[in-house]
Amino acid sequence: MSTMPCLVLEDVHKSFGKREVLKGIDLAVAEHEVVCLIGASGSGKSTLLRCVNLIEPIDAGRIFLIGDEVTRQGTDVNAVRKKIGIVFQSFNLFPHMTVLENVTLGPRKARGLDAGEASREARELLGRFGLGDRAGDYPDRLSGGQQQRVAIVRALAMQPRLMLLDEVTSALDPELVAEVLSVIRELAQGGMTMLIATHEMSFAADIANRVCFLDEGVLLEEGPPEQIFRSPANPRTQEFLQRIIAAGRL
Amino acid sequence: MEGDRRSRILGGMSSDARNVVIALVSTIVFFTALVLVIVNSPGWPEVKSAFFNPTVFKDSFPEVLRAFWFNIKIFCVAEVFILVLALLIAVIRSLPGPVFFPLRALAIVYTDFFRGIPTILLIFILGFGVPALGLSGIPTSAVVWATAALIIIYSAYVAEVYRAGIESVHPSQDAAARSLGLTRGQSLRYVVVPQAVRRVIPPLLNDFIGLQKDTALVALIGPVEAFRQAQIDTSATFNFTPYVAAALIFVAFTIPLARLTDYLNERSRRRRLAAGIAQ
């Protein structure tokens, strides 16, 4: 594993009105590293990802992407986002476009590829993830699992340096979760750097190099998955994991 | 006995077919009753000869229909300009940030002002006023300026329809587009506006129907279109049947528009529901 950090967060603060959602987050993600964020709903996982992608402006602190500070005034937001792929819980595919058009929009408009090249790349990616025969379909013809895989492909088509996955299986029927997780596993094996907010603990245990436990906007504990899941040090982490185990999710 | 016959007639049908038959029968009964009330009213013979005179109808219908082409021309020209101008106003009104405040304010003033002014007044003001200025290089035809008045007023309405459409596209769609590195303008152009336009097609067509009818207002400054032709025929024959002919022509034009509206509405609703963006 390279020691060059892909992403660095320094003392990141974010509030919505009076409610402080992120209370000084320090986090570094190395290249080719897979980091899973766990924690209860409302602990700040999604907000953290949205701040990294600059969808939400932060109130204080700094964020670096591959050595460049992206939270500085005058940063080209679009240039930063081209390097980061994000996949949302609710897919957010463009319903008026076919699968192929969904995937080629970014490459054509933001990377400046011509239609032919964009579509060739897109078909190759779609084929790799078992969606080759769905290129001409509209999203409403696809299952939730297929839609989410298209959303992942759409993000990958930008050739990002970093992928952010925000609870990507939470909106799926249980029988559709596995196909999406296997796509993510494949990405991890391919060396993609990923920051993943998830409720799928066994998946996190399986795929992550490092697991971070977020509690009320504070990064309480981090470490390799076996340490976090088997012998968590912080009582809040223990309590959270016990609730998860009681719910049969680990 | 009665019940037996009914079940023999309807019993073999699917429930869909039965519903159609029931709807048909109740419609016929309703309208027969209505017609009976009207034709048995004391003034019916006079009304009948004044509004439903077959000879007058046959004479004036072709003339009114010919004049109606003029309405269609005004309608088509106005519509193209309205669709473009209104979209421009709506997009300006949706621009975020303090930099665009003056433009936004201008768009708001425009929609407020021109939705408030009666169409007929603006047609008079522009149709008679602008040509009277005697400026060189601008059209002097009253029809051109009356059409411009329709464009200006309808753009204010249609801009509001567009804006409602733009606001109805969930912010997550914009977020998804921006996260791909698209600029704000690209996100609007490729993601937000296309969806907004699809959603507002039904209310948009509704405004088209209103515009189609309002083309008759242009008659008030002179040119002979369907309504004016009917007026001329009416004063020649002392009979109101030409108005009925004009009404029928207008209705015949708008009904297909209304059906098209319903069809497109249903199609876009289906697509939107299934796309998983309702959450």
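What you see as residue numbers is a count from 1 along each chain, following the sequence as written. Chains and ligands are labelled by the order in which they are written, letters from A for the one and numbers from 1 for the other. Residue-level local features of this predicted model are given only where pLDDT is at least 70; pairs of side-chain atoms are given and counted only at 80 or more, and the full residue set underlies all totals for whole chains, interfaces and linings.

**Q** Give a description of the nonpolar core that names residues and reports values.
**A** Core analysis: the largest hydrophobic core is formed by 129 residues, its most contacted members being L195(A) and Y162(B). Broken down by element, the residue count for this core peaks at 16 residues, all from helix α7 (residues 142-168) of chain B. In contact with L195(A), other than residues within four places in its own chain, are L7(A), V29(A), V35(A), L37(A), L49(A), V52(A), L162(A) and L164(A). Joining buried Ala, Val, Leu, Ile, Met, Phe, Trp, Tyr and Cys residues through C-beta atoms within 7 Å gives a set, and that set is a nonpolar core. The burial label depends on the number of other C-beta atoms within 10 Å of a residue's C-beta. Counts of 20 or more mean buried, 12 or fewer mean exposed, and intermediate counts mean partly exposed, with C-beta atoms placed from the backbone. In DSSP terms, a helix is any run of H or I states spanning at least four residues, a strand is any run of E spanning at least two, and both are numbered starting from the N terminus. Our contact criterion uses C-beta atoms placed from the backbone: two residues qualify when those atoms are within 7 Å.

**Q** How would you sum up the interface of chain B and chain A? Please name residues and give values.
**A** Taken together, the contacts link 23 residues of chain B with 25 residues of chain A. Where the side of chain B that touches chain A is concerned, the elements lending two or more residues are α8 (171-179), α9 (184-214) and α11 (241-274) of chain B. Residues are grouped as follows: nonpolar covers Ala, Val, Leu, Ile, Met, Phe, Trp, Tyr, Cys and Pro; charged covers Asp, Glu, Lys and Arg; every other residue, Gly included, is treated as polar. Residues belonging to the side of chain B that touches chain A are distributed by class as follows: 10 nonpolar, 9 polar and 4 charged.

**Q** Give me the domain arrangement of chain B: which residues, what numbers.
**A** What the domain assignment reports for chain B is domain 1 (2-39) and domain 2 (53-274). The start and end points of each domain follow an automatic or database-based domain assignment. Of note, the centres of domain 1 of chain B and domain 2 of chain B, computed from C-alpha atoms alone, are 40 Å apart.

**Q** Before we move on, can you summarise the pairing of strand β8 (residues 194-197) of chain A with the specific residues and values?
**A** Residue and element names in this part refer to chain A. Side chains M194 and I196 project from β8 onto one buried face, and the interleaved L195 and A197 project onto a second face that is buried too. Whether two strands pair comes down to DSSP finding at least two bridges between them. Pairing geometry for strand β3 (residues 34-38) and β8, over 4 bridges, is parallel. What sits directly across from V34, in β8, is M194. Pairing of strand β7 (residues 162-166) with β8 involves 4 bridges; the strand directions are parallel. Across the sheet, the residue bridging to M163 is M194, located in β8.

**Q** Give a detailed account of the packing of α8(B) against α9(B), specifying residues and quantitative values.
**A** Residues and elements named next belong to chain B. Lines fitted to the C-alpha atoms define the axes, with helices restricted to the stretch that makes contact. Angles between their N-to-C directions range from 0 to 180 degrees. Between α8 and α9, the shortest axis-to-axis distance is 10 Å and the interhelical angle comes to 155°. One element, α8, and the other, α9, form an angle in the roughly antiparallel class. You can see that α8 and α9 cross each other, and the crossing is right-handed. For the pair α8 and α9, contact is made by Q173, D174, A177 and R178 and by S187, V191, V192 and Q195, respectively. Residue composition of the contact of α8 with α9, by class: 3 nonpolar, 3 polar and 2 charged. Comment on the angle field: the value is read as roughly parallel under 35 degrees, roughly antiparallel over 145, roughly perpendicular from 65 to 115, and oblique elsewhere. By definition, turning the near helix anticlockwise from the far helix through less than a right angle yields a left-handed crossing, and turning it clockwise yields a right-handed one.

**Q** Give me the sheet that holds β7(A): which residues, what numbers.
**A** All names here are of chain A. One open sheet accounts for 6 strands, arranged β6-β7-β8-β3-β9-β10; its pairing is mixed. The open sheet terminates on both sides in strands that have one partner only, identified here as β6 (84-87) and β10 (218-223). Within the sheet, the average angular offset between the axes of one strand and its neighbour, ignoring direction, is 15°. As paired elements, strand β9 (residues 210-215) and β10 share 5 bridges and run antiparallel to each other. Pairing of L214 across the sheet is with L219, part of β10. Sheet contacts for helix α5 (residues 144-156): β6 and β7; angle to β6, the most-contacted strand, approximately 170°.

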